[in-house]
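Inside the fold
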Amino acid sequence: MGKIVAVTGNEAVAEALRQINPDVCAAYPITPATDLMQRFASFISDGKVDTEMVLVESEHSAMSACIGASAAGGRVATATSSQGLALMWEMLFIAAGDRLPIVMPVVNRALSAPLNIHGDHSDSMGARDSGWIQLYSETAQEAYDNAVQAFRIAEHLDIRLPAMVCMDGFIVSHSIERVEYIEDADVKNFVGEYKQVNPLLDLDNPKSYGPLILTDRYHEYKRAQHEVMTKVKNVVLEVAADFEKMTGRKYGLFETYRLDDAEIAIVILNSAAGTTKDTIDEYRDKGIKAGLLKPRMFRPFPYEEIAEALKHLKAIAVLDRADSFGGYGPLFSEICGAVMSIDKKPAVINKIYGLGGRDYLPDQAEKVLDELTGIANTGKVNIIKEYIGVRE
Amino acid sequence: MKEPLWKRLPAGSVILEAGSAAKFKTGSWRSMRPKWIEENCIQCLFCWIYCPDMSVTVKDGKRGEFNFDYCKGCGICALECPGKKGNKAIVMEEEGK
Ligand code: SF4
Ligand code: SF4
């Protein structure tokens with residue numbers, strides 16, 4: 001068994017990167033991800049890893065350098081948050097389209113304006129269509145475990161896609177928690193040696209990345225990219241099974257909590273799931289059959305499996321820590337997509353909570369569960385999308 | 001049965017064959033055609049340097065005819081050509097005339 005430590009989310013993920021020892025890391029500082037890369041940069045300065053660190057002038061350049069290094073043949077990682085991820089945006093699609101398995105912890109933070117450094121999911125939700133795999137983490141432990149697994153998933157020969165590992169800014173990235181580290185040798189063995197399939201530095205077999213492909217084949221390349229995404233699910237489960245053998249910690253496509261016999265449920269991502277579980281326990285004590293579903297893999301989204309897990313419910317509240325202005329919250333839209341296939345559809349409502357790091361408190365979860373109880377009893381939904389935790 | 005095209009494409013649109021640009025005959029794009037007037041040519045090879053498509057052939061240090069498989073008719077060579085005593089050694093003519 002590995003060491004048990006008290007560390008922040010950033011510290012834990014930096015430790016995972018140290019254990020994995022990527023070939024290249026190109027990064028630009030941005031709160032709250034700065035601290036993660038700063039810690040990793042110290043490992044480089046202290047000679048604990050032999051990663052080539054490329055200090056660039058922007059996140060756009062950071063992702064560009066990662067793409068170059070990954071195409072060249074290296075195992076590559078970076079990290080970012082918020083505006084940094086937004087600035088990488090056009091390069092994200094290139095990393096995915098070129099099928100480069102770059103791993104990027106995203107320390108979730110709100111987007112400007114107004115300027116705000118605290119946690120919400122607007123940044124990674126804005127990048128959900130970029131072709132990257134997205135894993136979400138409730139705790140520092142999950143962020144660490146997801147980071148280790150992300151390399152195996154991204155680099156899997158059937159996949160070869162970049163992956164983001166998301167955790168909540170400050171709430172997880174800067175809070176000290178109990179984390180169980182895996183032994184260095186076990187991590188090394190788990191992720192294995194990395195071998196790029198088409199490295200640019202293989203000079204005997206010259207090749208080109210990033211050609212112009214117009215109306216005659218672009219559509220087919222996208223068809224192929226869609227196909228790869230359909231294979232990710234099985235790889236994620238396969239890697240999780242190996243991970244469980246090594247650590248005893250179980251991961252799936254999503255986590256359920258007291259959901260099997262539940263009548264009402266909250267669907268929520270990342271750290272707010274913890275608070276919700278506590279509130280659910282209180283409601284269970286009162287005899288109310290409440291449960292929770294917390295997606296781990298948001299891209300690709302496991303529609304069928306989630307539909308199966310939710311199909312017996314009467315009413316569901318999807319809590320989004322991001323808004324699609326003029327639309328429903330991004331997680332809500334996906335849950336509706338999943339629920340569509342259920343014959344006897346549960347009622348689904350959408351709550352937008354916690355933007356810009358606004359605390360998500362038990363009373364918010366209580367109000368949502370009370371509303372769900374009402375909906376389950378009457379079958380009547382008053383309002384589909386609503387902000388909660390808004391100050392008077 | 002043959003696999004559909006999208007299954008046969010190399011992952012990530014990587015081009016695995018070196019020098020494959022030679023297969024792309026850009027000459028078909030041409031609507032204007034450069035004409036070389038040899039008596040006005042001073043062999044400065046500006047045309048060879050400036051041509052973006054390597055369509056000016058050179059042999060033994062002297063320029064020869066255009067390679068119309070690749071010449072797009074952009075007119076850069078005609079613009080840059082100093083010619084002799086104010087008379088251009090390259091003029092652009094409408095294709096097909
Ligand atoms: S630029 Fe004009 S003068 Fe010079 S080599 Fe070409 S055709 Fe001859
Ligand atoms: S017209 Fe353009 S492409 Fe053709 S030879 Fe001249 S410079 Fe080259």
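Rules used in this analysis
- Residues numbered from 1 in each chain as written.
- Chains lettered and ligands numbered in written order.
- Predicted model: local features only at pLDDT ≥ 70, side-chain atom pairs only at ≥ 80, totals over all residues.
- Heavy atoms only, no water.
- Domains from an automatic or database assignment.
- Contact = heavy atoms within 4.5 Å.
- Salt bridge = Lys/Arg side-chain N within 4 Å of Asp/Glu carboxyl O.
- Helix = DSSP H or I, 4+ residues; strand = E, 2+ residues; numbered from the N terminus.
- Buried < 20%, exposed > 50% of the residue type's maximum accessible area, 1.4 Å probe, protein only.
- Lys, Arg positive; Asp, Glu negative; His and termini not counted.
- Polar contact = N/O pair within 3.5 Å; in protein donor to acceptor, adjacent residues only side chain to side chain.
- Near = heavy atom within 4 Å.
- Nonpolar A, V, L, I, M, F, W, Y, C, P; charged D, E, K, R; others polar.
- Phe/Tyr/Trp six-rings, centres within 6.5 Å; stacked < 30°, edge-to-face > 60°.
- Pairing = 2+ DSSP bridges.
- Right-handed = clockwise from strand over helix to strand, strands pointing away.

**Details of the domain arrangement of chain A**
Residue and element names in this part refer to chain A.
- One can read the domain layout of chain A as domain 1 (3-247) and domain 2 (254-387).
- Using C-alpha coordinates to define each centre, domain 1 is positioned 28 Å away from domain 2.
- Across the boundary between the two partners, domain 1 contributes 31 residues, which contact 26 residues of domain 2.
- Applying the counting rule to domain 1 against domain 2 returns 6 salt bridges.
- The closest approach of N and O atoms between Lys233 and Glu305, which form a salt bridge, is 3.0 Å.

**Digging into the side chain of Arg296 of chain A**
Residues and elements named next belong to chain A.
- Residue placement: Arg296 occurs in the loop between strand 11 (290-295) and strand 12 (297-299).
- Notably, Arg296 is buried but unbridged: the nearest opposite-charge side chain belongs to Glu142, and the N-O separation is 6.5 Å.
- Here the side chain of Arg296 touches Asn146 through a polar contact of 2.8 Å, side chain to side chain.

**Thoughts on the site of ligand 2**
- Every residue lining ligand 2 is accounted for by Pro34, Cys51, Pro52, Ser55, Phe66, Cys71, Lys72, Gly73, Cys74, Gly75 and Cys77 of chain B.
- Its residues assigned to classes, the shell around ligand 2 comprises 7 nonpolar, 3 polar and 1 charged.

**What about the packing of aromatic side chains?**
- According to the stated counting rule, one finds 12 aromatic pairs over all chains in the structure shown.
- Relative to Tyr50 of chain B, the ring of Phe46 of chain B lies with its centre 6.3 Å away and its plane at 70 degrees, an arrangement referred to as edge-to-face. Here Tyr50 of chain B and Phe46 of chain B lie together in helix 2 (residues 46-50), a separation of 4 residues that amounts to about one turn.
- Taking the relative accessible area as the measure of exposure, Phe46 of chain B reaches 37% and is therefore partly exposed.
- Among the aromatic residues, those joined into a cluster by ring pairs are Tyr136, Phe298, Phe301 and Tyr303 of chain A.

**Comments concerning the site of ligand 1**
- Around ligand 1 sit 13 residues, and of these Cys41, Cys44, Leu45, Cys47 and Cys81 of chain B come closest.
- Classifying every residue of the shell around ligand 1 gives 11 nonpolar, 1 polar and 1 charged.

**So, the pairing of strand 6 (residues 133-137) of chain A**
All names here are of chain A.
- Among the 5 residues that make up strand 6, 5 are buried, leaving the element largely enclosed by the rest of the structure.
- Neither face of strand 6 is open: one carries Ile133, Leu135 and Ser137, the other Gln134 and Tyr136, and all of them are buried.
- Here strand 6 pairs with strand 7 (residues 163-168) via 5 bridges, running parallel. Among the inter-strand pairings, Leu135 is bridged to a residue of strand 7, identified as Val165.
- The β-α-β motif built from strand 6, the intervening helix 6 (residues 140-155) and the parallel element strand 7 has right-handed crossover chirality.
- With 2 bridges connecting them, strand 6 and strand 12 associate as antiparallel partners. Directly across from Leu135, in strand 12, lies its bridge partner Met297.

**So, unusual backbone geometry**
- Here the residue pair Thr31 of chain A and Pro32 of chain A is connected by a cis peptide bond, since its omega of 0 degrees sits within 30 degrees of zero.
- With respect to the helices, strands and loops of the structure, Pro32 of chain A is situated in the loop between strand 2 (24-27) and helix 2 (34-45).
- Along the chain, Arg299 of chain A connects to Pro300 of chain A via a cis peptide bond; the corresponding omega equals -10 degrees.
- Position of Pro300 of chain A relative to the elements: it lies in the loop between strand 12 and helix 10 (303-310).
- In this model, Leu45 of chain B sits at a positive phi of 65 degrees, which is unusual for a non-glycine residue.
- Here Leu45 of chain B lies in the loop between strand 1 (32-36) and helix 2.

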